[in-house]
Amino acid sequence: MYKAVIGLEFHCEMKSHTKVFSNAINGFSKLSNQLVAPLDMGFPGTLPVVNKTCVKKAIEMAMILNCKIPEYMEFDRKNYFYPDLPKGYQLTQFFNPVGVDGKVVIEVNGKEKEVLIHDIHLEEDSASLDHYYDTSNIDYNRSGVPLLELVTEPCLNSADEAIEFLEYIKRIYEYTDISDCDTKKGQIRADVNVSIMDNDSKELGTKVEVKNVNSFDSIRKTIEYEIERQSKLKSEGRYDEVVQETRRFDDETGTTIHMRSKADAIDYKYFTDPNIPKYKITNELLEEIKKNIPMLAHERKNKYISEYNLSEYDAKVLVKNKKVSDYFEECVRLGADAKSACNWITTKVLAEVNKSDEITIDDVFIRPSMIAELIKLIADKKITNNQGKEVFTKMLEEHLTPVEIVKKYNMEILEDDNLVNSLVDEVLSENEKAIEDYKNGRTNMLDYLVGQVMKKSRGKANPVDAKNKLLEKIK
Amino acid sequence: MIGKSILELHDELKNGKVTSNELVNESLKACHEIQDKTNSFVTIIDDAKGSEVTDDLLSGIPYGIKDIFSTKDILSTGSSNTLNNYVPFFDATCVANLKKHGAVGVAKTVLDELGMGGTGTTGHTGIVHNPWNLERQTAGSSAGSAASVACGVYPYALGSDTGDSIRKPAAYCGIVGYKPTYGMISRFGMFQFASSLDTVGVLTRNVEDAAIAVDGMKGLDENDMTTWDSSSINLFKSLNKDVKGKKLFYIENVCDINNYSNPSEELKEHLNNFKETIKRCEELGISVSKVNIDSKLLNALYSTYVVISCAEATSNMANLTGISFGPGGEGKSPDEMIKDHRTKGFSPLIKRRFVIGSYVLQRENQEKFFLNAKRVRRLIVNKMNELFKEYDAMIAPVGTGPAKYIDDNKNVHDKETRVLEELLQIGNFGGYPSITIPNGFVNNLPVGVNITGKVKDDVSVLNIAYALESTMNYKNQLAREEN
Amino acid sequence: MSNFTEEMIDNYADKLLIGLTEEERKMIQTEFDDIEKDMELINDIPNIKDVEVLSYPFEMEVSELRSDDNEGKEIPIDELLRNASRVEGREVEVPKVVG
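Residues numbered from 1 in each chain as written. Chains lettered and ligands numbered in written order. Predicted model: local features only at pLDDT ≥ 70, side-chain atom pairs only at ≥ 80, totals over all residues.

Draft legend 1. Spotlight on the overall build of chain B. Scanning chain B from N- to C-terminus turns up 15 helices and 13 strands. Since a compact globule built from 483 residues should have a radius of gyration of about 23 Å, the 21 Å found for chain B is in line with a globular shape. A buried classification covers 65% of the 483 residues belonging to chain B. In chain B, once contacts between residues fewer than 6 apart in sequence are set aside, the share between residues at least 24 apart is 76%. (Helix = DSSP H or I, 4+ residues; strand = E, 2+ residues; numbered from the N terminus. Rg over C-alpha atoms; globule rule 2.2 N^0.38 Å. Buried ≥ 20, exposed ≤ 12 C-beta atoms within 10 Å, placed from the backbone. Contact = placed C-beta atoms within 7 Å.)

Draft legend 2. Inspection of the overall build of chain A at higher detail. Broken down by element type, chain A carries 15 helices and 15 strands. Expected size for 475 residues packed as a compact globule is a radius of gyration near 23 Å; at 30 Å, chain A overshoots this value by more than 25%. A buried classification covers 43% of the 475 residues belonging to chain A. Across chain A, every contact between residues at least 6 apart in sequence was considered, and the portion connecting residues at least 24 apart equals 66%.

Draft legend 3. Here's a closer look at the interface of chain C and chain B. Between chain C and chain B, the contact holds 44 residues from the first and 57 residues from the second. Elements supplying a minimum of two residues to the side of chain C that touches chain B: helix H1 (6–15), helix H2 (22–43) and strand S3 (91–95) of chain C. In terms of residue class, the side of chain C that touches chain B is built from 30 nonpolar, 5 polar and 9 charged. (Nonpolar A, V, L, I, M, F, W, Y, C, P; charged D, E, K, R; others polar.)

Draft legend 4. Structural detail: the domain arrangement of chain A. Taken domain by domain, chain A consists of domain 1 (3–285), domain 2 (297–408) and domain 3 (417–474). The distance between the C-alpha centroids of domain 1 of chain A and domain 3 of chain A comes to 67 Å. (Domains from an automatic or database assignment.)

Draft legend 5. Region of the structure containing the pairing of strand S4 (residues 89–92) of chain A. Residue and element names in this part refer to chain A. Both faces of S4 are covered, namely the face carrying Tyr 89 and Leu 91 and the face carrying Gln 90 and Thr 92. Note: strand S3 (residues 76–79) against S4, 4 bridges, orientation antiparallel. Residue pairing for S4: Asn 79 is matched across the bridge by Tyr 89. (Pairing = 2+ DSSP bridges.)

Draft legend 6. Spotlight on the nonpolar core. Counting 287 residues, the largest nonpolar core has Ile 371 of chain A together with Ala 146, Leu 203 and Ala 465 of chain B as the members making the most contacts within it. The biggest single contributor to this core is helix H9 (residues 295–316) of chain B, with 11 residues. Contact partners of Ile 371 of chain A, with chain neighbours within four places excluded, come to Cys 331, Ala 336, Ala 341, Trp 344 and Ile 366 of chain A. (Core = buried A, V, L, I, M, F, W, Y, C linked by C-beta atoms within 7 Å.)

Draft legend 7. Highlighting the packing of helix H7 (residues 322–333) of chain A against helix H8 (residues 338–353) of chain A. All names here are of chain A. Closest axis-to-axis distance for the H7/H8 pair is 9 Å, and the angle between their directions is 140°. Between H7 and H8, the angle is such that the two are oblique. Crossing of H7 over H8 shows right-handed handedness. For the pair H7 and H8, contact is made by Val 324, Tyr 327, Phe 328, Cys 331 and Val 332 and by Ala 338, Ala 341, Cys 342, Ile 345 and Leu 350, respectively. (Axes fitted to C-alpha atoms, helices over the stretch in contact; angles between N-to-C directions. Parallel < 35°, antiparallel > 145°, perpendicular 65-115°, else oblique. Left-handed = near helix turned anticlockwise from the far one by under 90°.)

Draft legend 8. Just the domain arrangement of chain B, in detail. Residue and element names in this part refer to chain B. When cut into domains, chain B gives domain 1 (6–244 + 398–470) and domain 2 (295–379). The gap between the C-alpha centroids of domain 1 and domain 2 is 25 Å. Opposite the 25 residues of domain 1 that make contact, domain 2 presents 26 residues. At the level of secondary structure, the elements contributing two or more residues to the side of domain 1 that touches domain 2 comprise helix H13 (418–422) and helix H14 (425–429). Top contributing element to the side of domain 1 that touches domain 2 by residue count: H13, with 3 residues. Among the residues forming the side of domain 1 that touches domain 2, the class breakdown is 9 nonpolar, 13 polar and 3 charged.

Draft legend 9. Examining the interface of chain C and chain A more closely. Facing the 27 residues of chain C at the interface are 35 residues of chain A. Among the secondary structure elements, those contributing two or more residues to the side of chain C that touches chain A are strand S1 (61–62), helix H3 (77–81) and S3 of chain C. When residues of the side of chain C that touches chain A are assigned to their parent elements, the largest contribution, 5 residues, is made by S3 of chain C. For the side of chain C that touches chain A, the class distribution of residues is 12 nonpolar, 4 polar and 11 charged. Across 4 bridges, the pairing between strand S8 (residues 135–139) of chain A and S3 of chain C is antiparallel. Paired with Ile 138 of chain A across the strands is Val 92 of chain C, a residue of S3 of chain C.

Draft legend 10. A look at the confidence of the model for chain B. Chain-level pLDDT for chain B is 97 on average; 100% of the residues reach the 70-or-more range. Here the prediction assigns the complex a pTM of 0.91, and the interface score ipTM is 0.97. (pLDDT = per-residue confidence, 0-100.)

Draft legend 11. The arrangement of the pairing of strand S5 (residues 99–108) of chain A in detail. Residues and elements named next belong to chain A. In this structure, S5 lies alongside strand S6 (residues 111–124), joined through 9 bridges in antiparallel fashion. Note on S6: the bridge partner recorded for Gly 99 is Ile 120. The hairpin turn running from S5 into S6, its antiparallel successor, is 2 residues long, and Asn 109 in that turn takes a positive phi close to 50°.

Draft legend 12. Focus on the sheet that holds S1 of chain C. In space, the 3 strands of this open sheet follow the order S2(A)-S15(A)-S1(C), with mixed pairing throughout. Across the chains shown, the open sheet's two edge strands, defined by having one partner strand only, are strand S2 (72–73) of chain A together with S1 of chain C. Bridge count for S2 of chain A against strand S15 (residues 278–280) of chain A is 2 bridges, and the pairing is antiparallel. The residue bridging Tyr 72 of chain A from the neighbouring strand is Lys 280 of chain A, located in S15 of chain A.

Draft legend 13. Summary view of unusual backbone geometry. The step from Gly 140 of chain B to Ser 141 of chain B runs through a cis peptide bond, and the omega angle for that step is 10°. Of note in this structure, Asn 309 of chain A is not a glycine but carries a positive phi near 55°. Mapped onto the fold, Asn 309 of chain A is located in the loop between helix H5 (297–308) and helix H6 (312–319). In the Ramachandran plot, Asp 73 of chain B falls in the positive-phi region, its phi being about 65° despite a non-glycine side chain. Within the fold, Asp 73 of chain B resides in the loop between strand S2 (62–66) and helix H3 (93–100).

Draft legend 14. Structural detail: the sheet that holds strand S14 (residues 271–272) of chain A. One open sheet accounts for 3 strands, arranged S4-S3-S14 (chain A); its pairing is antiparallel. The sheet is open, and its two borders are formed by S4 and S14 of chain A, each paired with just one other strand.

Draft legend 15. Expanded view of helix H9 (residues 368–379) of chain A. Residue and element names in this part refer to chain A. Compared with an ideal rise of 1.5 Å per residue, which puts 12 residues at 16 Å, H9 spans 16 Å between its outermost C-alpha atoms and is within 8% of the ideal. Pro 368, Met 370, Ile 371, Ala 372, Glu 373, Leu 374, Ile 375, Leu 377 and Ile 378 are the residues of H9 that are buried. Buried residues in H9 make contact with H7, H8, helix H10 (385–398) and helix H11 (402–408). The positive-phi residue at the C-terminal boundary of H9 is Lys 381, with phi of around 60°. (Expected span 1.5 Å × (residues − 1).)

Draft legend 16. View of the packing of H9 of chain B against helix H11 (residues 348–361) of chain B. All names here are of chain B. Running from N to C, H9 and H11 cross one another at 100°; their axes reach a closest spacing of 7 Å. Here H11 runs roughly perpendicular to H9, going by the angle between their axes. Seen from H9, the contacting residues are Val 306, Val 307, Cys 310, Ala 311, Ala 313 and Thr 314; seen from H11, they are Arg 353, Phe 354, Ile 356, Gly 357, Ser 358, Val 360 and Leu 361. Along the lines of polarity and charge, the residues of the contact of H9 with H11 split into 9 nonpolar, 3 polar and 1 charged.

Draft legend 17. Representation of the environment of Leu 320 of chain B in the model. Residue and element names in this part refer to chain B. Checked against the element boundaries, Leu 320 lands in the loop between H9 and helix H10 (334–345). Overall, Leu 320 belongs to the buried group, with 26 C-beta atoms counted inside 10 Å. Expressed as a C-alpha distance, the spacing of Leu 320 and Asn 81, which sit 239 residues apart in the sequence, is 10 Å. With near-sequence residues (within four places) excluded, Leu 320 lies in contact with Thr 82, Gly 326 and Arg 342.

Draft legend 18. Spotlight on the environment of Phe 188 of chain B. Residue and element names in this part refer to chain B. Mapping Phe 188 onto the fold places it in the loop between strand S7 (176–179) and strand S8 (199–204). When the 28 C-beta atoms within 10 Å are taken as the criterion, Phe 188 is described as buried. For the pair Phe 188 and Ser 309, spaced 121 residues apart in sequence, the C-alpha separation works out to 18 Å.

Draft legend 19. Spotlight on helix H3 (residues 216–235) of chain A. Residue and element names in this part refer to chain A. The terminal C-alpha atoms of H3, which comprises 20 residues, lie 28 Å apart, in line with the 28 Å expected from a rise of 1.5 Å per residue. Looking only at H3, the buried set comprises Ser 218, Ile 219, Thr 222, Ile 223, Tyr 225, Glu 226, Ile 227 and Gln 230. Packed against the buried residues of H3 are strand S1 (3–13), helix H2 (159–175), strand S10 (188–197), strand S11 (208–213), strand S12 (245–250) and strand S13 (255–261). Looking one or two residues beyond H3, the residue adopting positive phi is Gly 237, at roughly 75°.

Structure (structure tokens):
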């Protein structure tokens, strides 16, 4: 076994109304070339104009990652030719990124892990290409969409650590509303650097870069495959076959494939873009941004444990996804007991969400207001817990509110003592054998008898009440 | 009538002596008349129509547009085969601003391909000839604009200036060329050559017209982050001849004939004439001092310019791939297609400059060439700013004499004069306001003098030029073919 | 002897996606030798390394950036694509991009 050393470059499309250097809309369109300003196609004479929201969000992220933030915002040109790059260069931050030398602490398999951030920078996305038999078509809608690129130091040692870190970062993006990190819309891409070394060695091994891996699952597979590939070569004494190169991940085979060697590395001829004057990052701006950083996942988690007495496990489940956490908080805001809300969400609601990859908690018919209503019905003893579960199922099926379901199926608990008493009597008279068995020690017969009462009441009797009455009369 | 100044034409229009349509038609006719001789135009906009005449000085009056500016629905080529069919769907900001003032564009003028050149000989539609002598260059890159304004086909034409591309051709054609402070006029829609040096400006036949035209174009632009707010400045209204007590300097190293070991007759006459101009300044109550600048800095001027401008250009023009605009190339892959387009489209001069630009930006060369050039740029700018603390402006002869021959074999090549030849690049290094006005004749050809001043102090620069202009007989002069 | 070989020059040009004729290559080679001599004039300046680079004509700072609220008008597709050499539907077409 060798020690693996992994570094990540994680690109994520930012949310904003307009693009980072032009005033075309940053969004998704079914129509190609609908969200395009002249700059996004590189028309002669067009100039970049920096979007303030993107800059503020980039600074916010740099702050959250505990990065050093420079005095000025500046942009540089990365020069290369590619059909998806209309200006012939990408505007990025090479010399003076918005954040450098950051650090975060994450938890991996119960242990703390410190992850060092080399830098985070704001840049623009390229156009997208659709490939056909012998042609490719260019759609400039994506050209100029803001991207944040986060670069870690080579400080991760396993696929678990890498994925846990990316999940952590993804949660921050979601909680701050900086990005949706939607894999299906191609909003994330990572370049993964992997090398291996002897456990006791201090010398880094040969670094292999795998470019443009676009899902967490593929990133995990990439790392695992590369560690295995390199380790095998090393243990066979063929480590010289591990060369500095750029590879790509192949989805179908789950392997990586050579793209180009280091000798073919492009010289991007970076230089500061003279079209974009420096923008001073003032203390006032920093204060304003800091003040508006929302509560992040780990902070919410701590709050849930300390204020709502939720278990660490439940709190973690709730904050894993911001939409779920928001859903939970909305239930609480509407007066639901936090623990009950947590139970309903972590068991029943998330079970619904997990039925399909295509939906989020926002797509489930049952809204926080309905959960709050349901919890209230049970708390007020209008329905039993078991009825509650039935109501939940029916709500999903029939798209009705809890109150509507209860009403429709006439489910309210029987509060008429006489009626319950007479039902209990009826059951006792019909089940002499069972009573005998119970008295002889088959205590589970009591549950059977309660069940019979519930059946006769069509579920509307309070089972605790029925049980007490049965016990009294059997004695 | 079209050979008159903006102020005169405005009066004629207001008094009903002529209509805007008549003026436009006269201008179009005049454009056609000089085209055979001078080859000033890529496009003459024959369907241009007059506009409403208002109190705005620019309203109803025709003007020319260097073909480096994007014009909506009108061919805009940059005088390059890489753009020889490009019809933009938007106007450059300066053109849009002039439109708002009621100005009427009537022609797109030839330039050195994409602004990269100083001869007026490299445009894709051929050489521009100097209207004073057709064997001579106009200089460039604003060649067609200079030639056509000198011919009097309209009172002004737009130019762009990266090294001296407005101010040198103005001198060779005997007219006024004004490059305002960097960022006073938006560069949006001007095809970029070297973004940190490129400046929009104007060619006219008198200083007043230059002020009026720039007033009509300048201002903050949401499409160009390098523009600044000049709304408190009205150049035309600020014109007065009150220059008494102003202080000028000239650089003795390059302006004194005694510093040249084997000067040509033309250079002698030119610098002699410059001396006469200095005397005129002094008669106006302006003090003129000589200063010396470290010759190491001066000698590095040209290399600094080449490195910075070529580096920026090679990146700026990487958009010329022929994919979404331009005629496009042939090939089995996108790279082949782009390469074919660029190989066929660019002239040898441009290719050379691109290769230089790329070379100085290479990772292993960047420190030595590109960054050092940007450092020298700072030293030069620092030196100038230091001088501008003491002086209002610099006065300098433009180039080393009158227009050069189109046939380069007839030109004298003297390495010693190169600093003087390239001196006006200082104006671009520091973004300074800089204006050339005609100050005489050498060999029956016009020569010019230049005033360069402090950043954002365009008013002082224009006033000095305005006062000086009034002491000489070259205001509003039209080109006369001498032989 | 020139510091610049033909291969070097071809390589630079090739990276810029420009082809050179034999004549152009020769021209560049001669010019490069001159230019390198010129460049030395820059490097001759004492203590040049200690000077901060100047990327703009003067110290420009912007105090305000573009507001994200205002989007531009949608550009009609026929205007957007009318200058493209090859168009397919609403997209610009190029030979197949491989790799």
